[in-house]
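Listed below are the residues making up each chain.
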Amino acid sequence: MSEQNKKPIKLIEEKIDALAQTKWAKGLRITSGVIWNLFLLFIIIGVTAIIFAGSIGAGYFASLVAKEPLRSQQEMKNTILTYEETSELYLADGIYLGKVNSDIERKEVKLKDVSQYVIDAVLATEDEYFESHTGIVPKAIFRGLLQDVTNSDTQTGGSTLTQQLIKIQILTNEVSYERKAKEILLAMRLEKFMKKDEILEAYLNIIPYGRNSAGQNIAGIETAAEGIFNVKAKDLTLPQAAYIAGIPQAPFAYTPFHSGNLGIKEPENLKPGINRMMTVLFRMKETGYISEQQYNESIAYDITQDFRGPARRANERYPFLTQEIQNRTIEILSKVLAEKDGVDPSRFEEEKKVEEKYTILAQRSMRVDGYRIHSTINKEMYDEFQKISKEFENYGHTFVAIEKDPDTGEDKEVLNPVQVGSIAIENSTGKILAFVGGRDYEISNVNHSTQAFRHNGSSMKPLLVYAPAIEYGAVSAGSPIADVWYETTKYGGKKYSPRNFIPNEQMGLISARQALASSQNVAATRLYEKIIDKQPVDFLKKMGFSKITPSHYGSLAVALGTIDTSVEENTNAFSTFANDGQFIDSYMIERIEDMNGNIIFEHKVEPVDVFSPETAYIVTDMLHDVLTGPRGTAQTMKKNLDINIDLAAKTGTTQGFGDVWLVGYNPNISLGVWLGYKSRLTSLDSASNRYGQPSTRVNLLFAEFLNGMNRSSPEIVKAESKFQKPDGVVSRPFCGISGLAPSLACTNAGLIRTDLFNSKVFLPTEEDDSLISSSYVLMNGEKYSALAETPSAFITPGGIGLNQEYIDRIFSPFGGDPAYLFPANSGFASNVVAGKPFVPDTIAPAAVSALLSNTTMTWEKSVSNDVIGYYVYRLENGSSSLVSTIADGNSNSYNISSGSYFVRAVDITGRQSEPSNIVQIEIEEEIEITPPDSEEPVIPPNDGIVPPPPTGGNGNGDEDEDPTPPADDEDEE
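Residues numbered from 1 in each chain as written. Predicted model: local features only at pLDDT ≥ 70, side-chain atom pairs only at ≥ 80, totals over all residues. Heavy atoms only, no water.

### So, the layout of surface pockets
The probe, sized like a water molecule, is rolled over the atoms to show the empty space still left. Rules: Computed over the protein atoms alone on a 1 Å grid, cavities are sets of points where a 1.4 Å probe fits but cannot get out and pockets are open sets with protein on both sides within 12 Å along at least five of seven lines; a residue lines them when it has an atom within 4 Å of a point. Grid points are joined across faces, edges and corners, and a volume is the space filled by probe spheres set on the points. Each helix corresponds to a stretch of at least 4 residues labelled H or I by DSSP, and each strand to a stretch of at least 2 residues labelled E; elements are numbered beginning at the N terminus. Only Asp, Glu, Lys and Arg are considered charged in this grouping, and only Ala, Val, Leu, Ile, Met, Phe, Trp, Tyr, Cys and Pro are considered nonpolar; every other residue, Gly among them, is considered polar.
Size it by volume and the second largest pocket reaches roughly 1600 Å³. Lining the second largest pocket are 40 residues, with Arg328, Glu331, Lys335, Asp585 and Ser586 sitting closest to its centre. Contributing elements (two or more residues each) for the lining of the second largest pocket: helix H15 (319-340), helix H16 (352-368), helix H22 (567-578) and strand S17 (599-602). With nine residues, the top contributor of residues to the lining of the second largest pocket is H15. Its residues placed into classes, the lining of the second largest pocket shows 14 nonpolar, 12 polar and 14 charged.

### Observations concerning the packing of helix H18 (residues 461-472) against helix H23 (residues 613-628)
Under the convention used in this document: Working convention: axes come from line fits to C-alpha atoms, limited for helices to the stretch in contact. Angles between N-to-C directions cover 0 to 180 degrees. Note on terminology: angles under 35 degrees are roughly parallel, angles over 145 are roughly antiparallel, angles of 65 to 115 are roughly perpendicular, and the others are oblique. Handedness of a helix crossing follows the sense of rotation of the near helix relative to the far helix, less than a right angle counterclockwise being left-handed and clockwise being right-handed. Contact between two residues is taken to exist if any of their heavy atoms lie within 4.5 Å; hydrogens are not considered.
Close contact between H18 and H23 brings their axes to 9 Å; oriented N to C, the two are set at 130 degrees. Taken together, the axis directions place H18 and H23 in an arrangement best described as oblique. Crossing angle aside, the handedness with which H18 passes H23 is right-handed. Contacts from Pro462, Tyr466, Ala467, Ile470 and Glu471 in H18 reach Thr615, Ile618, Val619, Met622 and Leu623 in H23. Split by residue class, the contact of H18 with H23 holds eight nonpolar, one polar and one charged.

### What about the pattern of salt bridges?
Stated formally: Salt bridges, as used here, are contacts in which a Lys or Arg side-chain nitrogen is within 4 Å of a carboxyl oxygen on Asp or Glu. Type-normalised accessible area, obtained with a 1.4 Å probe on protein chains alone, sets the label of each residue: buried when under 20%, exposed when over 50%, and partly exposed for intermediate values.
Under the defined criterion, the tally for this structure stands at 31 salt bridges. For Glu487, the salt bridge goes to Lys495, with nearest N and O atoms at 4.0 Å. Owing to a relative accessible area of 65%, Lys495 belongs among the exposed residues under this scheme. A salt bridge links Asp621 to Arg513, with the nearest nitrogen and oxygen atoms 2.8 Å apart. Of this pair, Asp621 sits in helix H23 while Arg513 is found in helix H19 (residues 512-517), placing the two residues 108 residues apart along the sequence. Linked through salt bridges whose partners overlap, the residues forming this network are Glu85, Glu88, Lys99, Lys107 and Arg372.

### With respect to empty space enclosed by the protein
This structure, assessed with the given rule, holds one cavity of 30 Å³ or more. In this structure, the largest cavity encloses a volume near 40 Å³. Phe577, Asp580, Ala616, Tyr617, Thr620, Phe723 and Gln724 together form the lining of the largest cavity. Looking at the lining of the largest cavity, the element that brings in the most residues is H23, giving three residues. Residue composition of the lining of the largest cavity, grouped by class: four nonpolar, two polar and one charged.

### Structural notes on the pairing of strand S2 (residues 96-99)
Selection criterion: In this scheme, strands are said to pair when DSSP sees at least two bridges between them.
Two strands pair when backbone bridges link them, and strand S1 (residues 88-90) and S2 are joined in this way by three bridges, in the antiparallel orientation. Among the inter-strand pairings, Leu89 is bridged to a residue of S2, identified as Gly98. Between S1 and S2, which pair antiparallel in sequence order, lie five residues; one of them, Asp93, sits at a positive phi of approximately 65 degrees.

### Some remarks on helix H8 (residues 196-206)
Judged by how many residues are buried, H8 sits mostly within the fold: nine of 11 residues are covered. Of the residues making up H8, those classed as buried are Lys196, Ile199, Leu200, Glu201, Ala202, Tyr203, Leu204, Asn205 and Ile206.

### Concerning a nonpolar patch on the surface
Defined as follows: Each patch is built from residues lacking any salt bridge and having more than 30% relative accessible area; the joining distance is 9 Å for like charges and 5 Å for nonpolar side chains (Val, Leu, Ile, Met, Phe, Trp, Tyr). All accessibility values rest on the Shrake-Rupley procedure with a 1.4 Å probe; residue burial counts only the protein chains present in the view.
On the surface, a cluster of nonpolar side chains totalling about 350 Å² of accessible area is made up of Val400, Ile402, Leu415 and Ile443. Along the chain, Leu415 turns up in strand S8 (residues 411-416).

### Quick look at the sheet that holds strand S19 (residues 648-653)
One open sheet holds the five strands; their spatial order is S10-S9-S21-S20-S19, and the pairing between them is antiparallel. Every other strand in the sheet has two partners, leaving strand S10 (432-436) and S19 as the edge strands with one partner each. Taken pair by pair, the neighbouring strands of this sheet meet at an average axis angle of 10 degrees, ignoring direction. Both S19 and strand S20 (residues 659-665) contribute to a ladder of six bridges, which runs antiparallel. Residue pairing across strands places Ala648 opposite Tyr665, the latter belonging to S20. Its contacts with the sheet place helix H17 (residues 379-391) against strand S9 (419-426), S10 and strand S21 (669-676), and it is angled at close to 20 degrees to S10.

### Comments concerning the packing of helix H12 (residues 267-286) against helix H13 (residues 292-299)
H13 packs onto H12 with a crossing angle of 175 degrees between their chain directions and a minimal axis gap of 9 Å. It follows from the interaxial angle that H12 and H13 lie roughly antiparallel. On H13, the residues touching Met277, Met278, Leu281, Phe282 and Lys285 of H12 are Glu292, Tyr295, Ser298 and Ile299. Of the residues contributing to the contact of H12 with H13, the split by class is six nonpolar, one polar and two charged.

### Some thoughts on the sheet that holds strand S28 (residues 856-859)
Ordered by their spatial adjacency, three strands build an open sheet running S27-S28-S31, and the pairing between neighbours is antiparallel. The sheet is open, and its two borders are formed by strand S27 (850-853) and strand S31 (893-895), each paired with just one other strand. Neighbour-to-neighbour, the strand axes of the sheet open up by a mean angle of 20 degrees, direction not taken into account.

### Focus on the nonpolar core
This is how it is decided: We call a set of buried residues a nonpolar core when its members are Ala, Val, Leu, Ile, Met, Phe, Trp, Tyr or Cys and they connect through side-chain atoms within 4.5 Å of each other.
Of all hydrophobic cores here, the largest spans 129 residues; its most connected members are Tyr466, Tyr528, Met637 and Leu706. What Tyr528 contacts, discounting residues up to four positions off in sequence, is Leu464, Val465, Pro536, Val537, Ser555, Leu556, Val558 and Ala559. Phe130, Ile199, Ala245 and Ile290 belong to the second-largest nonpolar core, a separate cluster that totals 59 residues.

### Examining the environment of Leu333
Looking at the secondary structure, you find Leu333 in helix H15. Given a relative accessible area of 1%, Leu333 falls into the buried group. In sequence terms Leu333 and Ile600 are 267 residues apart; their C-alpha atoms lie 9.0 Å from each other. What Leu333 contacts, discounting residues up to four positions off in sequence, is Ala362, Ser365, Met366, Tyr371, Ile592 and Ile600.

So this is what it looks like as structure tokens:
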């Protein structure tokens, strides 16, 4: 067959075979085979290398995460969703006060309450593939790894929102491959356990956002919205949302505010944050979340106009209040946490390490666990108190000292002003309504109403002396007490000689009511001695006094207020009287809720029976006299009140005016006020002439606080309410000097008094037997019983005196001088005389010197202490005659006519002094002078004695004297 007839394919094959037989074709075939085999070899080696590298990488990855525990679904969700939230403080009626002092502020918000602009901005900026990835974006991880290995200047990151959530909530910010490996593993695991919305919501609640306008660190979208723009997260506009979404990349570079509450940054320092906002808006446009128009409008918007203005933190606006609420919250939470762990909080008192442990846990819990802490503080009343305390002008002198600054070493002025502490409590509940912690928190951050413990002076008397004595049936309101000095070593072995506020005063026999109203120290300690064996200090324990020690039980001085107490404790104790004798502990924390609204603590009122209602009412009635009695120590306060109110009160002053107190109450509220310097050794009376007496100052300030309470909250004060008398309180007559039932003698002497009694424990039934007839003389202004040898010319006969048995009883056990039982200002002075025989000396009294002015002869008082009066003599024809008897207390003078005269002092035994010098009038014609009736001459037994020369001197005083019956005497103030 010809070549033309062969099939084309066959022909081609033959040609190829022929070509293959050529030399160069054989060489090409060998080369291509080698290349192909090499290619296959490289493929095999590459795949093997990749598998090997992958195995090594997987192994390395496995080694990195080997120590990471396998977390359950519930465990991971709990950890992720348990983020620190700043606790919030509230005043009464749910009024928001502010955040607790915390390292960072955070407030939880649900995703449905977040602006869609925020969500879009975050996804566009932080995680473009959030909706589709499974926790990680591999290419982003490899890109980040390559940048890290090559040490590239460009670091684009690569963490998804899920990874960032893992890093913040479960892991740390540590830069290491181990942390990154764990982050990847846990992120992929979390995506299987939680929905996308749950992850996004958690992310928005935990991410840091720099600082708010007060300079505090903030986290969470809700806190950022409020702290930067003063709006809720759901109300953020597009520019605002873009600004906030850009902050987490560099929180403190992009935040618009300085730290330390220094306000908004300077314009040049705001540019980084604004530029970052522009980047966020651009990415939102590129990813289709906003339109071109929205983008253009937003980048043209001046975001700086939306920044929140200067804001003061709660602890700056209300420093004493926020700190006090936090302190009390920590105390409560420590017990709550202990009980949660099965630990009895009562162990705190004995085991300080246990208390310290739970205190630390409570401090952290309060800051980060998002509690809602509701207090009892009435905002209007509290604000009124702060205003009054700042505007009051009569605190007293402010001392200035120069001290070295420990930080700079430079001299600086240190102020030491008079401090103030005041508190108002609702009686029926114990709620603390308002308080004043001090003058200036920057000068002293000690809360002087709750944390400063000082002696409470005489404000202790109704609590520790009079109320217990009435409760025991030892006295009632009108019972007599001897306010007469004494000295004892019975308690403590040391001499104890109490004196009154007016040091030289002895009021004598006075009622318990008067002793309390004018705050007599001597009377209070005498009464306290009669009940001290019953341990009345236990009443203070029941009323919450926390600084009581065993030594206080055996001390008389505690009756005068030598136990340390706070304004809160002291005021709270007085509210016991307003509560019919029940003590209701004061409190400031109403309840504490967790972030889910569950109540973890709620205060419960637990009354403690202390006094009977009868005792409480009688003491209240007695304390009315502090405001209205003739010597009441709170009259100035009463005069400065704007309201007519049924108020009982008691003042208190400590030694040297180191402290002054005034505590008062009506049926609904109790108010206490204290003034003093930082050191109790610094007197409030120092450099204070222009401020008034310390007691006057505290009276005025108390009145202003009470007026302010009524202005702000009249519905709480209820000034129109009155104390109601219990059925057991009755009014009965009694003998005023003994407290016993009226006798005929007591009635005839005009000594019957009427006052309140507790019919259940003490009524005057035993008839008075204290009175006897008596005669007396005046000596140095005081009444003394006349002696048998006392000249009758000086005796006042027919008085009413006291028997010795009564005197011993009224002075028991310390004794006292009966001469001081009835001073001239005593209510009994005109009716009765008390005295004991004066123990005379054996010498005549000292002579006096006479002067003549016109026709009046005068002489000074004899220096002898037993002189009861003077005899005036006239010399005539070498002999003397008595022309007048001048009793002690009358004027030491006598009008004379012509002739010579001299004076002799006469003592209680009738002895006469040497004559005074002679004075005389010489006139040509004798003028008859008739002396007044009161000075008619009385001829004594020694009439006719011619005096020695007028040089004076001491005689033996052995003249005859008229015997007279003894007489009682009384003291004259």
